[in-house]
Amino acid sequence: MIGLNIYALYSYAGDAQICFLLACMTVQLDFVKERLGDLNGNISSLDRRELFMKHVRHIEILKNFLRETEETSSIPMFALICVVGLTMCAAAFRITKIGPNSEMTLFIMMIVYVLLMMLKIYLPCYYGTEIAHKSQQLTAVLYSLDWISYDKALRKDLTLMMTFTSSPMVLKAEGLFIYDLSMFTSAMNFAYSFYASLKGVF
């Protein structure tokens, strides 16, 4: 029993760490988006270019951070998605066999277990969607800047930066799944399909 509790804490601590890293990424993207507006301030061309290059380096750091997070969590997330999908449908099948009137305690425990399994894959998918959405907003922010007041060199750099930020930042699990809410929906659909197959057989 003690070993089971330790394993559960270890498992959820690992999942929480991944979610924490992704949440930090969304906050940093918000910082970049807000601070890009400082380029419209009443500053010299040299200071404006230095400020712009600071933002460029910040975005490059975020992209590298996202890549390292993906390399670290890719295999665990791939395994988590596969295992949770199968576990959820098996637990749901077990719930239908128990019924709320026979063993109420076990029934409630199984319901809570299924909800926790859903949460384990929902949070990474939610933050993955937020990262993709916020990274795409950077292009819109760059487009809305006061280009007319900038020098030619900075306008050229802004054009390149818009091209650089046009593709959203995404995380992939083993190159197969993208961490987003559509992947969460697909996992739920798979779990339900497998559950329906089990129920049809047994």
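That block above? That's the structure.
Residues numbered from 1 in each chain as written. Predicted model: local features only at pLDDT ≥ 70, side-chain atom pairs only at ≥ 80, totals over all residues. Heavy atoms only, no water.

**Considering helix α3 (residues 104-143)**
Part 1: In a regular helix each residue adds 1.5 Å, so 40 residues correspond to 58 Å; α3 covers 58 Å between its end C-alpha atoms and thus fits that length.
Part 2: In the structure, α3 departs most strongly from a straight axis at Tyr122, where the bend amounts to approximately 25° and where the proline Pro124 lies between one and four residues downstream. (Helix = DSSP H or I, 4+ residues; strand = E, 2+ residues; numbered from the N terminus. Expected span 1.5 Å × (residues − 1). Bend = angle between axes of the 7 residues up to and from the residue.)

**Examining the pattern of salt bridges**
Part 1: Applying the stated rule across the entire model yields three salt bridges.
Part 2: With a shortest N-O distance of 3.1 Å, Asp30 and Lys134 are connected by a salt bridge. With Asp30 in helix α1 (residues 2-35) and Lys134 in helix α3, this residue pair connects regions lying 104 residues apart in the sequence.
Part 3: What you see here is one network of salt bridges that share partners, running through Asp30, Glu130 and Lys134. (Salt bridge = Lys/Arg side-chain N within 4 Å of Asp/Glu carboxyl O.)

**Regarding the packing of helix α2 (residues 45-98) against helix α4 (residues 152-165)**
Part 1: Viewed as axis vectors pointing N to C, α2 and α4 meet at an angle of 15°, and their least axial separation amounts to 11 Å. Between α2 and α4, the angle is such that the two are roughly parallel. Where α2 crosses over α4, the two elements pack in a sense that is left-handed. In this structure, α2 uses Arg48, Arg49, Phe52, Val56, Ile59 and Lys63 to contact α4, whose residues at the interface are Ala153, Leu154, Asp157, Leu158, Met161, Phe164 and Thr165.
Part 2: Partitioned by chemical class, the residues of the contact of α2 with α4 number eight nonpolar, one polar and four charged. (Axes fitted to C-alpha atoms, helices over the stretch in contact; angles between N-to-C directions. Parallel < 35°, antiparallel > 145°, perpendicular 65-115°, else oblique. Left-handed = near helix turned anticlockwise from the far one by under 90°. Contact = heavy atoms within 4.5 Å. Nonpolar A, V, L, I, M, F, W, Y, C, P; charged D, E, K, R; others polar.)

**Section: the packing of α2 against α3**
Part 1: Remark: α2 packs on α3, axes separated minimally by 9 Å, with the N-to-C direction vectors making an angle of 150°. Taken together, the axis directions place α2 and α3 in an arrangement best described as roughly antiparallel. For the crossing formed where α2 meets α3, the hand is left-handed.
Part 2: Partitioned by chemical class, the residues of the contact of α2 with α3 number 23 nonpolar, one polar and two charged.

**Overview of a nonpolar patch on the surface**
Part 1: Taken together, the side chains of Met104, Ile108, Val112, Leu116, Leu119, Tyr122, Tyr126 and Leu181 define a hydrophobic patch exposed on the protein surface, amounting to about 640 Å² of accessible area.
Part 2: No other element matches the seven residues that α3 contributes to the nonpolar patch.
Part 3: Here Leu181 falls in the partly exposed class, since its relative accessible area comes to 31%. (Patch = residues over 30% accessible without salt bridge, like charges linked within 9 Å, V, L, I, M, F, W, Y side chains within 5 Å. Areas by Shrake-Rupley, 256 points an atom, 1.4 Å probe, with all protein chains shown as cover. Buried < 20%, exposed > 50% of the residue type's maximum accessible area, 1.4 Å probe, protein only.)

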